[in-house]
Each structure stands twice: as structure tokens, then as C-alpha cells.
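Next come the chains, spelled out residue by residue.
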Amino acid sequence: MFTYALDDHVELRPLSPEQARALYELIDDCRDWLRQWLPWVDSVKEVSDSTNFIKGALAQGTENGGLTAGIWVREELAGIISYHEIDWNNRSVGIGYWLGKPYQGQGLMSTACRVFTDHALMRMGLNRVEIRCATANRRSRAIPERLGFVLEGIVREAEKLPQGYVNHAVYGMIRSDWLRLR
């Protein structure tokens, strides 16, 4: 079970179904903010939707080694970070993340992404980590840029959000580059 203390008050740890209410409430409290960048927000209408998400994340972890962790600040859920489906044949994975608005601007997600990148490349033996984010989402893009990821390209109209299609910036980190940056 992956648990990682980022400091004395912040911890990454897997979610359990008992935490579905906390997840739902965070999403609901930040719904307008999250809706700008995440297509699934409006499909979370009740606590059972968060329960189903958590159960799916746990199953994915069991099936292919993926990992979804809550970011906990003083025992309050602040956001989520996860590996998308791991491609074991090509030894690569994508990282997805979001943070509730009150917790932004504190370096939490940069630190969490650093830990997840290091875990994937150094402990899991993967060769590549990818982060995709909407080109207009400057805060999200700043994270891979801050960590030394390489902007590899733009995928046009990659995701449909309530306001329409958005382009994605694709950032990549390979193990040999990570070893130099560590």
C-alpha cells in the first residue's frame, strides 16, 4: 500500500470507499473551478458516484499496478493524483491530477507529481511518464515544466469540456533524463 508523507501535515495515500463522502464534498465545493478543466465533474452527482470512482481505482490498482492517491492536508482531502493505465509493454504511464481550489498555490501538486514520477521511474522500473493538460490551464502546465518535463507537442481538440474542445499540451519525462535531474 503506497503511503508517502510529503511533510508533517501532508500525506499521499490510497483512497478507500469510506472516504467517498469527503471526495464528493471536495468535488462539489470546487465544482465550478474543476468544470473548466475536467470533463467528468458534472457526472459526479452524489456520494455513490465517488464510491464507484474509488472502487474502480482500487480495481485498476489490483489489475495493472495503477495507483490513485488522495492528497491529505491535516487529514482533509485536498485533491487526487493517479497513474492512468500503465502500459507495461512500453514501460510508460500517464499521471493525472487535480487539486481543490483552496489548496492551490502551495506547491502541493508539484511535490506530489515529483513523488509519483520518481516512484514510476525508479521503483516501478518504468521508462516514461507523461502528463497531458489543457493548453490554457497555465497552473497545471506549470507543474511538469517546473519538474523538468519536456513539452513534446500539442494534441488538437484532445478533450471535450462543457465549453467545447480543448487542446492538450503533452509533456514527457524519460528515465535517463530523470536520473540527471534528481
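Before any of the text, the structure's been laid out above.
This is a predicted model, so every value here is computed, not measured.

### Some remarks on the nonpolar core
Core analysis: the biggest nonpolar cluster contains 57 residues, and Leu 12, Ile 71, Ile 81, Ile 95, Tyr 97 and Met 109 have the highest contact counts within it. Top contributing element to this core by residue count: helix 4 (residues 108-123), with eight residues.

### Remarks on the pairing of strand 4 (residues 76-83)
Here is the key point about a regular strand: its side chains alternate between the two faces of the sheet. For strand 4, the tally of buried residues reaches seven of eight residues, placing the bulk of the element in the interior. Sheet topology note: the strand 3 (residues 68-73)/strand 4 ladder contains six bridges and is antiparallel. Bridge pairing links Val 73 to Glu 76 in strand 4. The hairpin formed by strand 3 and strand 4 contains two residues between the paired strands, and Arg 74 there has a positive phi angle of roughly 50°. Bridge count for strand 4 against strand 5 (residues 92-99) is five bridges, and the pairing is antiparallel.

### With respect to the pattern of salt bridges
Considering all chains together, one arrives at 12 salt bridges under this definition. With a shortest N-O distance of 2.9 Å, Arg 182 and Asp 118 are connected by a salt bridge. One end of the pair, Arg 182, is in the segment after helix 6 (175-181); the other, Asp 118, is in helix 4, with 64 residues separating them in the sequence. Its relative accessible area of 57% is what places Arg 182 among the exposed residues. The shortest N-O distance in the salt bridge between Asp 177 and Arg 180 comes to 2.2 Å.

### Quick word on unusual backbone geometry
Phi at Arg 74 is positive, roughly 50°, even though this residue is not glycine. Looking at the element boundaries, Arg 74 is found in the loop between strand 3 and strand 4.

Rules behind the numbers
Residues numbered from 1 in each chain as written. Predicted model: local features only at pLDDT ≥ 70, side-chain atom pairs only at ≥ 80, totals over all residues. Heavy atoms only, no water. Core = buried A, V, L, I, M, F, W, Y, C linked by side-chain atoms within 4.5 Å. Buried < 20%, exposed > 50% of the residue type's maximum accessible area, 1.4 Å probe, protein only. Helix = DSSP H or I, 4+ residues; strand = E, 2+ residues; numbered from the N terminus. Pairing = 2+ DSSP bridges. Salt bridge = Lys/Arg side-chain N within 4 Å of Asp/Glu carboxyl O.

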